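Here's the letter readout for the chains.
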Amino acid sequence: MFSSLTGSYGSTLRYKSVERIKPIGKHSLLGASGELSDFQEILRYLDELILYDNMWDDGNSLGPKEVFNYLTRVMYNRRNKFNPLWNSLVLGGVKNGQKYLGMVSMIGVHFEDNHVATGFGNHLARPIFREEWHENMSFEDGVKLLEKCMKVLLYRDRSAVNKLQMAKITEEGVTTYKPYSLRTHWGYSAFENPTVGAEGSW
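Residues numbered from 1 in each chain as written. Predicted model: local features only at pLDDT ≥ 70, side-chain atom pairs only at ≥ 80, totals over all residues. Heavy atoms only, no water.

You'll find the chain entered in an unreviewed UniProt entry as Proteasome subunit beta type-4-like, with Punica granatum given as the organism.

Caption draft 1: Quick peek at the overall build of the chain. Of the regular secondary structure elements, the chain holds six helices and eleven strands. Computed over the C-alpha atoms, the radius of gyration of the chain is 18 Å, within 12% of the 17 Å expected from 2.2 N^0.38 for a compact globule of 202 residues. Principal axes of the C-alpha set define a box for the chain whose edges measure 65 × 40 × 25 Å. Burial analysis of the chain (202 residues in total) assigns 38% to the buried set. Expressed as a percentage of contacts within the chain between residues at least 6 apart in sequence, the contacts between residues at least 24 apart total 54%. For the chain, the computed accessible surface area is about 12600 Å², with 51% contributed by carbon and sulfur atoms. The distance from the centre of the 24 positive side-chain charges to the centre of the 23 negative ones in the chain is 5 Å. (Helix = DSSP H or I, 4+ residues; strand = E, 2+ residues; numbered from the N terminus. Rg over C-alpha atoms; globule rule 2.2 N^0.38 Å. Buried < 20%, exposed > 50% of the residue type's maximum accessible area, 1.4 Å probe, protein only. Contact = heavy atoms within 4.5 Å. Areas by Shrake-Rupley, 256 points an atom, 1.4 Å probe, with all protein chains shown as cover. Lys, Arg positive; Asp, Glu negative; His and termini not counted. Charge placed at Lys NZ, Arg CZ, Asp CG, Glu CD.)

Caption draft 2: How the structure looks around helix α1 (residues 36-55). In a regular helix each residue adds 1.5 Å, so 20 residues correspond to 28 Å; α1 covers 29 Å between its end C-alpha atoms and thus fits that length. Of all the positions in α1, only Asp38, Phe39, Ile42, Leu43, Tyr45, Leu46, Leu49, Ile50 and Asp53 are classed as buried. The buried side chains of α1 occupy one side of the element, clustering within an arc of 160° when seen end-on. Across from the buried face of α1, at angles greater than 90 degrees, the exposed residues are Gln40, Asp47, Leu51 and Met55. Elements that come into contact with the buried residues of α1 comprise β4 (21-24), β5 (28-34), α2 (64-80) and β6 (87-95). Looking at the residues trailing α1, positive phi occurs at Asp57, about 50°. (Expected span 1.5 Å × (residues − 1). Arc of directions from axis to C-beta.)

Caption draft 3: Representation of the environment of Gln165. Structurally, Gln165 is set in strand β9 (residues 163-170). Apart from residues lying up to four places away in sequence, Gln165 is in contact with Met1, Phe2, Ser3, Leu5, Glu19, Ile21, Thr176, Tyr177 and Pro179. Among the polar contacts made by the side chain of Gln165, one reaches the main-chain carbonyl oxygen of Tyr177 at a distance of 3.4 Å. (Polar contact = N/O pair within 3.5 Å; in protein donor to acceptor, adjacent residues only side chain to side chain.)

Caption draft 4: Examining the sheet that holds strand β8 (residues 110-112) more closely. With antiparallel pairing, five strands are arranged side by side in an open sheet as β4-β5-β6-β7-β8. Since the sheet does not close on itself, it has two edges, and those belong to β4 and β8, each with one partner. Here the average twist between neighbouring strands, direction ignored, is 20°. In terms of strand pairing, β4 meets β5 through four bridges, oriented antiparallel. Bridge assignment links Ile24 to a residue of β5, and that residue is Ser28. Across the sheet, α1 touches β4, β5 and β6, and the angle it forms with β5 is around 155°. Each of β4, β5, β6, β7 (98-104) and β8 touches α2; the most contacted strand, β6, lies at about 165° to it. (Pairing = 2+ DSSP bridges. Axes fitted to C-alpha atoms, helices over the stretch in contact; angles between N-to-C directions.)

Caption draft 5: Structural detail: the side chain of Asn87. Secondary-structure assignment places Asn87 in strand β6. Polar contacts involving the side chain of Asn87 include one to the main-chain carbonyl oxygen of Ser33, which spans 3.2 Å. Here the side chain of Asn87 touches Phe39 through a polar contact of 3.4 Å, landing on its backbone nitrogen. Not counting the four nearest positions on each side in its chain, Asn87 is found in contact with Ala32, Ser33, Gly34, Glu35, Asp38, Phe39, Ile42, Met75, Val104, Ser105 and Met106.

Caption draft 6: Geometry of the nonpolar core. Leu30, Ile42, Leu46, Leu71 and Leu89 are the most contacted members of the largest nonpolar core, which totals 21 residues. Among the elements that take part in this core, α1 stands out by supplying seven residues, more than any other. Core analysis: the second largest hydrophobic core is formed by 13 residues, Leu145, Met150, Leu153 and Met166 among them. (Core = buried A, V, L, I, M, F, W, Y, C linked by side-chain atoms within 4.5 Å.)

Right, here's the structure in full:
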């Protein structure tokens, strides 16, 4: 799972070290785009959910499918109250050898797939995934593919920064890596003179 570290104040890139990936319980990993304060509210809901589940002390724990179903109900419920949580969420996890990955939008629209994205990534990154992703990718190849997608997004979003964070979840647990910056190249002719061939447009 990859996430940008930006936090905007209006159109100003005010914060550049905001973590948007959090482990949920023993088996799940949650990423979010959108409003940071609403993401914090969702994390508070999930803390209560995991605490309640742990208090049963029955040797069982919530898996990613259960957490995802809970999130779909939360997002749809808030939408029906005309007070939505302004986030799109990605939840991945592994439990008992079963991998899970799903996305839920701010109005409760949700789906599961082998690769998911939020925001701009739905339009520009997922077509790359469809072309290049395959079931037997190594971790290193997966990281290279994600970095390629993030570069495409970075070059096409004036409000993006090249600082990213990556996290991985397996049966053994969650590994969160230190943030790092993508190497970029801004010498492309289209960047140097973007109005060539578009004279008269605004």
